[in-house]
Amino acid sequence: MAPVPKAVVLLSGGLDSATCLAIAQSQGFACFCMSFDYGQRHRIELQSAKQTAESQSATEHRVVKIDASAFTGSALTEDIDVPKSETDGIPVTYVPARNTVFLSFALAWAEALGSQDIFIGVNALDYSGYPDCRPEYISAYERMANLATKAAVEGRLMTIHTPLIDKTKAQTIEIGSGLGVDYGLTSSCYDPDAEGKPCGECDSCRIRNRGFEELGMEDPLLAR
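Given the structure is predicted, the values throughout are model-derived calculations rather than measurements.

Visitor: How should the overall build of the chain be read in this particular structure?
Guide: The number of helices and strands found in the chain is seven helices and five strands. Reading the secondary structure of the chain in the N-to-C direction produces β-α-β-α-β-α-β-α-α-β-α-α. Against the globule reference of 17 Å for 224 residues, the chain gives a C-alpha radius of gyration of 17 Å, in line with a compact fold. Relative to its full complement of 224 residues, the chain shows a buried share of 50%. Restricting the contact set of the chain to residue pairs at least 6 apart, pairs at least 24 apart contribute 73%. Within the chain, the 30 negative side-chain charges are centred at a point lying 5 Å from the centre of the 19 positive side-chain charges.

Right, here's the structure in full:
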């Protein structure tokens, strides 16, 4: 019997990453999930990531702690108001080079595991304008990864899977629902209260809520 292929899945605890994990599992991968504690103010997402990994029976789940001083100038890591209305340009919730840093950790773990596959739930449609969610960025990073690792030089090329990159939020929810994702365990809000309840007004909440509304569904987080 052929060994089960391994994949590293970046798991933030949000709706997209939970769906991405379900997709990776549906494709037959043993999923090794990686989350990050980088001083984010919406730390409830780490609890959501843990619950999601457990509910979907991930093979392993690691939380990597990164010095928060590495990510300055973002409303997600500092005492800066999270916008509650649409803004032009790249929003203040952008965290400097975050996906580049996260993918680098995932790449290192994947190579150590003997894995050639990384899953990340970036999206280029229903997103907030972040430059590190674009297809051209992912393609460039994959090229770099296949120049930078011993595994790739020896012929074991790395693939960065972005199954949601061209999907609307409604399409993502539809896919995840079909795969049994429990969205009541996820957390997407950038500015939740002390109990983790979503604000319902930040960019991430509005995009998420619109996805459920387009499907005629109620977000389970708002039904509590």
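From this point, the narrative continues.
Visitor: How do you make sense of the packing of helix 3 (residues 98–113) against helix 4 (residues 135–148) when you look at a structure like this?
Guide: The packing of two helices is summarised by the inter-axis angle and the distance between the axes. It is the contact of helix 3 with helix 4, at a shortest axis distance of 12 Å, that shows an interaxial angle of 35°. Note on packing geometry: the crossing formed by helix 3 with helix 4 is right-handed. Between helix 3 and helix 4, the contacting residues are Asn99, Thr100, Leu103, Ser104 and Leu107 on the first element and Tyr137, Ile138, Tyr141 and Ala145 on the second. Tallied by class, the residues present in the contact of helix 3 with helix 4 amount to six nonpolar, three polar and no charged.

Visitor: Is there a simple way to explain the pairing of strand 1 (residues 6–10) in this structure?
Guide: Regular strands have side chains that alternate between both faces of the sheet. Across the five residues that make up strand 1, a large majority, four, are buried. On the question of chirality, the crossover connecting strand 1 to the parallel strand 2 (residues 30–37) by way of helix 1 (residues 15–26) is right-handed. One ladder, built from two bridges, connects strand 1 with strand 4 (residues 117–119); its direction is parallel. Paired with valine 9 across the two strands is phenylalanine 119, which belongs to strand 4.

Visitor: What's the story with the packing of aromatic side chains in this structure? I'm lost.
Guide: Pairs of aromatic rings are described using the distance from one ring centre to the other and the angle between the two planes. Counted according to the given criterion, the structure contains eight aromatic pairs. Summarising the aromatic geometry, the rings of phenylalanine 36 and phenylalanine 105 are spaced 5.6 Å apart at their centres and angled 70° between planes, so their arrangement reads as edge-to-face. Here phenylalanine 36 is found in strand 2, whereas its partner phenylalanine 105 is found in helix 3, with 69 residues between them in sequence. Counting every residue linked through ring pairs, the aromatic cluster contains Phe36, Tyr38, Phe102 and Phe105.

Visitor: When you look at the packing of helix 1 against helix 6 (residues 169–178) in this model, what are you seeing that I'm missing?
Guide: It is the contact of helix 1 with helix 6, at a shortest axis distance of 9 Å, that shows an interaxial angle of 45°. It follows from the interaxial angle that helix 1 and helix 6 lie oblique. Handedness of the helix 1/helix 6 crossing: left-handed. Between helix 1, through Leu15, Asp16, Thr19 and Ile23, and helix 6, the contact on the second element is made entirely by Lys169, Thr172, Ile173, Ile175 and Gly176. The residue makeup of the contact of helix 1 with helix 6, split by class, is four nonpolar, three polar and two charged.

Visitor: What am I meant to see in helix 3 here?
Guide: Within an α-helix, residues lying three or four positions from one another point in the same direction, as the helix has 3.6 residues per turn. Between its first and last C-alpha atoms helix 3 spans 23 Å; for 16 residues at 1.5 Å apiece the expected length is 22 Å, and the two agree. Burial in helix 3 covers these residues: Arg98, Asn99, Phe102, Leu103, Ala106, Leu107, Trp109, Ala110 and Leu113. Elements in contact with the buried residues of helix 3: strand 1, strand 2, strand 3 (60–65), strand 4, helix 4 and strand 5 (159–161). Positive phi appears at glycine 114, one or two residues downstream of helix 3, with a value of about 80°.

Visitor: Looking at this model, I keep getting lost on helix 1. Mind explaining?
Guide: An ideal rise of 1.5 Å per residue puts 16 Å on twelve residues; helix 1 measures up with 17 Å between its terminal C-alpha atoms. With ten of its twelve residues buried, helix 1 lies for the most part within the structure. Elements that come into contact with the buried residues of helix 1 comprise strand 1, strand 2, helix 2 (44–55), strand 4, helix 6 and helix 7 (203–214).

Rules used throughout
Residues numbered from 1 in each chain as written. Predicted model: local features only at pLDDT ≥ 70, side-chain atom pairs only at ≥ 80, totals over all residues. Heavy atoms only, no water. Helix = DSSP H or I, 4+ residues; strand = E, 2+ residues; numbered from the N terminus. Rg over C-alpha atoms; globule rule 2.2 N^0.38 Å. Buried < 20%, exposed > 50% of the residue type's maximum accessible area, 1.4 Å probe, protein only. Contact = heavy atoms within 4.5 Å. Lys, Arg positive; Asp, Glu negative; His and termini not counted. Charge placed at Lys NZ, Arg CZ, Asp CG, Glu CD. Axes fitted to C-alpha atoms, helices over the stretch in contact; angles between N-to-C directions. Left-handed = near helix turned anticlockwise from the far one by under 90°. Nonpolar A, V, L, I, M, F, W, Y, C, P; charged D, E, K, R; others polar. Right-handed = clockwise from strand over helix to strand, strands pointing away. Pairing = 2+ DSSP bridges. Phe/Tyr/Trp six-rings, centres within 6.5 Å; stacked < 30°, edge-to-face > 60°. Parallel < 35°, antiparallel > 145°, perpendicular 65-115°, else oblique. Expected span 1.5 Å × (residues − 1).

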